[in-house]
Amino acid sequence: MIPNPKPSESASPTESTTAEWTSPERVQKVLARIGIGSRRVCEDMIEAGRVTVNGETVQLGAKVGPEDDIAVDGRQYSTMPDAITYLLNKPAGTVTTAADTHGRPTVIDLVPSSPRVFPVGRLDMETEGLLLLTNDGGLAHRLTHPSFGVEKEYLAHVKGSPSRGALRSLREGIELEDGVTAPAQAALVSPGLVRITIHEGRNRQVRRMCDAIGHPVLRLVRSRIGPLVDSQLRPGKVRALIAEEVLQLQRAVSPSR
Ligand code: URA
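Residues numbered from 1 in each chain as written. Predicted model: local features only at pLDDT ≥ 70, side-chain atom pairs only at ≥ 80, totals over all residues. Heavy atoms only, no water.

## Things to note about unusual backbone geometry
Each neighbour pair has its own omega, and for Ser114 with Pro115 the value is -5 degrees, a cis peptide bond. With respect to the helices and strands, the residue Pro115 is situated in the loop between strand 7 (85-90) and strand 8 (118-119). Of note in this structure, Asp73 is not a glycine but carries a positive phi near 50 degrees. Topologically, Asp73 is positioned in the loop between strand 5 (70-72) and strand 6 (75-77). Asp73 gets classed as partly exposed once you look at its relative accessible area, which sits at 42%. Its identity is not glycine, yet Arg204 carries a phi of approximately 50 degrees, on the positive side. (Helix = DSSP H or I, 4+ residues; strand = E, 2+ residues; numbered from the N terminus. Buried < 20%, exposed > 50% of the residue type's maximum accessible area, 1.4 Å probe, protein only.)

Structure follows, in structure tokens:
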């Protein structure tokens, strides 16, 4: 199941628990388990008509199984019983694939081997910073599909220091060979250091955007994925998301956002 410590507790990859969910369970029990609130709070939500299962408002006492879609206030939550999502601070020099034909180190080498997880999107071999890995295919799809527009923030150390006009170009859209980039946020943090926030996921997008304004990237670090940041996580280190973070991610990709 989704690791479910209290939000204030830190979680390590080994702390996740697994629970079988083989027969239907009461809705409030499932909601409480994924961290929506205490059972009492979840019962109140059901009584207030805020909870739907497969689109139908449910009554207290209703039961659900792992195949059912549960939503609170129109927001859908993944209830996959043994879902786990890791946050990795990817070091430079690792590839974002499960197995590399050239024998290079992969991000999979840096996370626990069981249960098997896969990277959510990809970072270039030389890009550093935050990368999610999960076994929850639905969550991964929503986090990477452009229609959900999840923001990704990067710190780009570039050659030279972009002018205000160059930063404006980054914001307004850059003509790349695969089309104009969507509006982005771009700000100069210090000379030669640009904070860029995009919500597309094109191949080498930030590097190509910076190339196009004449300031090639020297070092690229992803500093945020949607609501997720972690300045304490050292390069090469990984941790399991706590329940509250999983909920934040699910809210970020919820259609009723
Ligand atoms: N943009 C890039 O250019 N590279 C990455 O790894 C991620 C975003």
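## As for the pattern of salt bridges
Taken as a whole and judged by the stated rule, the model has 17 salt bridges. Here Asp73 makes a salt bridge to Arg50, at a shortest N to O gap of 2.7 Å. Of this pair, Asp73 sits in the loop between strand 5 and strand 6 while Arg50 is found in the loop between helix 2 (39-47) and strand 2 (51-53), placing the two residues 23 residues apart along the sequence. Across the pair Asp124 and Arg122 runs a salt bridge, and its minimum N-O distance is 3.7 Å. Its relative accessible area of 9% is what places Asp124 among the buried residues. A network of salt bridges, in which partner residues are shared, links Arg122, Asp124, Arg204 and Arg207. (Salt bridge = Lys/Arg side-chain N within 4 Å of Asp/Glu carboxyl O.)

## Some words on the domain arrangement of the protein
When cut into domains, the protein gives domain 1 (25-77), domain 2 (85-145 + 236-252) and domain 3 (151-225). Look at where the C-alpha atoms of domain 2 and domain 3 centre, and you get two points 22 Å apart. Across the boundary between the two partners, domain 2 contributes 12 residues, which contact 12 residues of domain 3. With both chains or domains summed, domain 2 and domain 3 bury close to 940 Å², and 43% of this area falls on carbon and sulfur atoms. When residues of domain 2 are sorted by the area they lose upon contact with domain 3, Asp124, Glu128 and Leu130 head the list and together hold 51% of the total. For the pair domain 2 and domain 3, the interface holds three salt bridges. As a salt-bridge pair, Arg219 and Glu128 come within 2.9 Å of each other at their nearest N and O atoms. On the surface where domain 2 and domain 3 come into contact, there are seven residue pairs in polar contact (both at pLDDT 80 or more). When residues of the side of domain 2 that touches domain 3 are assigned to their parent elements, the largest contribution, five residues, is made by strand 9 (residues 128-134). The class makeup of the residues in the side of domain 2 that touches domain 3 is six nonpolar, two polar and four charged. (Domains from an automatic or database assignment. Contact = heavy atoms within 4.5 Å. Buried area = accessible area lost by both parts, 1.4 Å probe. Polar contact = N/O pair within 3.5 Å; in protein donor to acceptor, adjacent residues only side chain to side chain. Nonpolar A, V, L, I, M, F, W, Y, C, P; charged D, E, K, R; others polar.)

## Comments concerning the sheet that holds strand 5
Two strands in a sheet stick together by hydrogen bonds in their backbones, pointing the same way (parallel) or opposite ways (antiparallel). Ordered by their spatial adjacency, four strands build an open sheet running 3-2-5-6, and the pairing between neighbours is antiparallel. Each edge of the sheet is formed by a strand with only one pairing partner; in this case those strands are strand 3 (56-57) and strand 6. (Pairing = 2+ DSSP bridges.)

## Side note on the side chain of Asp230
Position of Asp230 among the secondary structure elements: in the loop between strand 15 (217-225) and strand 16 (238-240). Judged by its relative accessible area of 18%, Asp230 is buried. A distance of 3.1 Å separates a polar side-chain atom of Asp230 from the backbone nitrogen of Leu233. Side chain to side chain, Asp230 and Arg239 meet in a polar contact 2.8 Å long. Setting aside residues no more than four positions away along its own chain, Asp230 makes contact with Leu87, Leu130 and Arg239.

## Section: helix 4 (residues 164-172)
All of the buried residues along helix 4 are Ala166, Leu167 and Leu170. When helix 4 is viewed along its axis, its buried side chains cluster within an angular range of 100 degrees and face the same direction. Seen from the open side of helix 4, the exposed residues pointing more than 90 degrees away from its buried face are Arg164 and Glu172. Those residues of helix 4 hidden inside the fold are in contact with strand 13 (185-190), strand 14 (193-198) and helix 5 (205-212). In the stretch just after helix 4, Gly173 is the one whose phi turns positive, near 130 degrees. (Arc of directions from axis to C-beta.)

## What to know about helix 6 (residues 243-252)
Along helix 6, seven of the 10 residues are buried, which leaves the element largely enclosed by surrounding structure. Buried positions along helix 6 lie against strand 6, strand 9, helix 3 (137-144), strand 15 and strand 16.

## A closer look at the environment of His141
Among the structural elements, His141 can be located in helix 3. Sequence spacing of His141 and Thr85 is 56 residues, and the spatial spacing of their C-alpha atoms is 13 Å.

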